[in-house]
Amino acid sequence: MIFTVFEAVAIALWISKDNLFYLFNFSYIGASITLGLILYINRFRYARRTVQLLVGLYMLVYLGLIGRENMQIEGFWYYLFTGVFEAATIHYAVAKIFGPLVFGRGFCGYACWTSMVLDFLPYKTPSGTRKKLGWMRYITFAASLIFVSMLFLAGAGNIEKIMFFSFIIGNVLYYAVGIILAFAFRDNRAFCKYICPVTVFLKPMSYFSAFRITCDKEKCVSCGKCKKVCPMDVDMTDNSRKRKNGTECILCMECVKACPKKAL
Ligand code: SF4
Ligand code: SF4
Ligand code: SF4
């Protein structure tokens, strides 16, 4: 079903944009996710990490570094301002703005090239309490918008080149800050929780996600094993949409794997 959804997007964009790239792009991503699901069903321990590397490296190396598309939020603003509905705007529309209405923050669990690296660090589950630093995401979000706006207002020449170098510098900064925060807070996903500007889109949209972890209260024995393994501090035993850190779920399925009663 997942592969069919991606193929439908691939064919629709290929025909409507008359560009074979979209057929290749969405078929590749759909096939990678489908492979991950098959591996997960067959209980392969690194199923999610396999998808993360297949999709994350493709976006970072092929689309970003070889194709010179700025796939970060600055690239989204840039193409949005120029009125071009191309790679970065399509990527944001599908993965980060409208897609989360269906698959929540699946992008964060299976495709993001920043967390692809951060997930190799030693603090897979946070050991400290959550910090009240979520406001920082609005600063990075505003900074990205102001940066691109200033380029347009100043009439900067060769913006394409500036966007390419800002993609490289932006990624180096994300990795550096992400790694420092992970060690400082003993939490691989600290960058995602406090700094990432994309969560300004992801969190409200994933609130309405069709795919979400739910708990069968008849089976649950309140052992708490699920919460101990959650990298995002979600209270997945509460089925309400307002549950604690509900919009942080990255659908990593660690809680599902940890539940001894198959209640999730
Ligand atoms: S929160 Fe940001 S950095 Fe973290 S996985 Fe999602 S998009 Fe990537
Ligand atoms: S452990 Fe469960 S609730 Fe936590 S992020 Fe992963 S899927 Fe979501
Ligand atoms: S691990 Fe399963 S049984 Fe234990 S609290 Fe979580 S959902 Fe309930």
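Each residue is numbered by its place in its chain's sequence as written, counting from 1. Each chain takes a letter, starting from A, and each ligand takes a number, starting from 1, following the order in which they are written. Owing to the predicted nature of the model, reporting of local features is limited to residues with pLDDT of at least 70; listing and counting of side-chain atom pairs is limited to 80 or more, with chain, interface and lining totals taken over all residues.

### Looking at the site of ligand 1
Any residue qualifies as near a molecule or strand once its backbone-derived C-beta atom lies within 6 Å of it. Near ligand 1 the following residues occur: Cys108, Cys112, Thr114, Ser115, Phe191, Cys192, Cys196, Val198 and Thr199. The way it works is that DSSP assigns letters per residue, a run of H or I at least four long becomes a helix, a run of E at least two long becomes a strand, and they are numbered from the N terminus. Broken down by secondary-structure element, the contributors of at least two residues to the shell around ligand 1 are helix H8 (113-118) and helix H11 (190-194). In this count, Pro and Cys sit with the nonpolar residues alongside Ala, Val, Leu, Ile, Met, Phe, Trp and Tyr, while Asp, Glu, Lys and Arg are called charged and the others, Gly among them, polar. In terms of residue class, the shell around ligand 1 is made up of six nonpolar, three polar and no charged.

### Observations regarding the packing of helix H4 (residues 73-82) against helix H10 (residues 159-185)
Axis separation between H4 and H10 bottoms out at 9 Å; the angle between their running directions is 160 degrees. In this view, H4 runs roughly antiparallel relative to H10, as classed from their interaxial angle. Once H4 is placed against H10, the crossing between them reads as right-handed. Together, Glu74, Gly75 and Tyr78 of H4 and Ile159, Met163, Ser166, Phe167 and Gly170 of H10 make up the contact between the two elements. Each residue belonging to the contact of H4 with H10 can be placed in one class, and the counts come to four nonpolar, three polar and one charged. Each axis is a line fitted through C-alpha atoms, taken for helices only over the stretch in contact, and angles between the N-to-C directions span 0 to 180 degrees. If an angle is under 35 degrees, it is roughly parallel; if it is over 145, roughly antiparallel; if it lies from 65 to 115, roughly perpendicular; otherwise it is oblique. Handedness of a crossing follows from how the near helix is turned relative to the far one, being left-handed for an anticlockwise turn of less than a right angle and right-handed for a clockwise one. With C-beta atoms placed from the backbone, a contact is any residue pair whose C-beta atoms sit within 7 Å.

### A look at the environment of Gly134
Topologically, Gly134 is positioned in the loop between H8 and helix H9 (136-153). Dropping the residues within four chain positions of it, Gly134 is found in contact with Lys193 and Tyr194.

### As for the domain arrangement of the chain
Quite often, the size of an interface is put as the accessible area lost when its parts meet. Domain limits in this description derive from either an automatic procedure or a database domain assignment. Its domain assignment divides the chain into domain 1 (69-211) and domain 2 (212-264). One C-alpha centre belongs to domain 1, the other to domain 2; they are set 25 Å apart. In this assembly, 17 residues from domain 1 lie in contact with 15 residues from domain 2. Of all the elements, helix H7 (residues 106-110) adds the most residues to the side of domain 1 that touches domain 2, at three residues. Tallied by class, the residues present in the side of domain 1 that touches domain 2 amount to four nonpolar, seven polar and six charged.

### Digging into the confidence of the model for the chain
Per-residue confidence from the predictor is given as pLDDT, running between 0 and 100. When pLDDT is averaged along the chain, the result is 94; 100% of the residues meet or exceed 70. When mean pLDDT is compared element by element in the chain, H11 scores highest at 98, while helix H5 (residues 87-97) scores lowest at 86.

### Things to note about unusual backbone geometry
In this model, Arg43 sits at a positive phi of 60 degrees, which is unusual for a non-glycine residue. Considering the arrangement of structural elements, one finds Arg43 in the loop between helix H2 (20-41) and helix H3 (47-66). With 8 C-beta atoms counted inside 10 Å, the residue Arg43 sits in the exposed group. With phi around 50 degrees, Arg186 is a residue other than glycine that occupies positive phi space. Tracing the chain through its elements places Arg186 in the loop between H10 and H11. Put simply, a residue is buried when 20 or more other C-beta atoms lie within 10 Å of its own C-beta and exposed when 12 or fewer do; between those, it is partly exposed, and each C-beta is set from the backbone. For Arg186, a count of 15 C-beta atoms within 10 Å translates into the label partly exposed.

### Brief notes about the packing of H4 against H9
The interhelical angle for the contact between H4 and H9, taken along N-to-C directions, is 40 degrees, at an axis separation of 9 Å. Of the possible angle classes, the one that applies to H4 and H9 is oblique. The element H4 and its partner H9 pack so that their crossing is right-handed. Listed contacts from H9 to Ile73, Glu74, Trp77, Tyr78 and Phe81 of H4 are Ser144, Leu145, Phe147, Val148 and Phe152. Of the residues that constitute the contact of H4 with H9, the class distribution is eight nonpolar, one polar and one charged.

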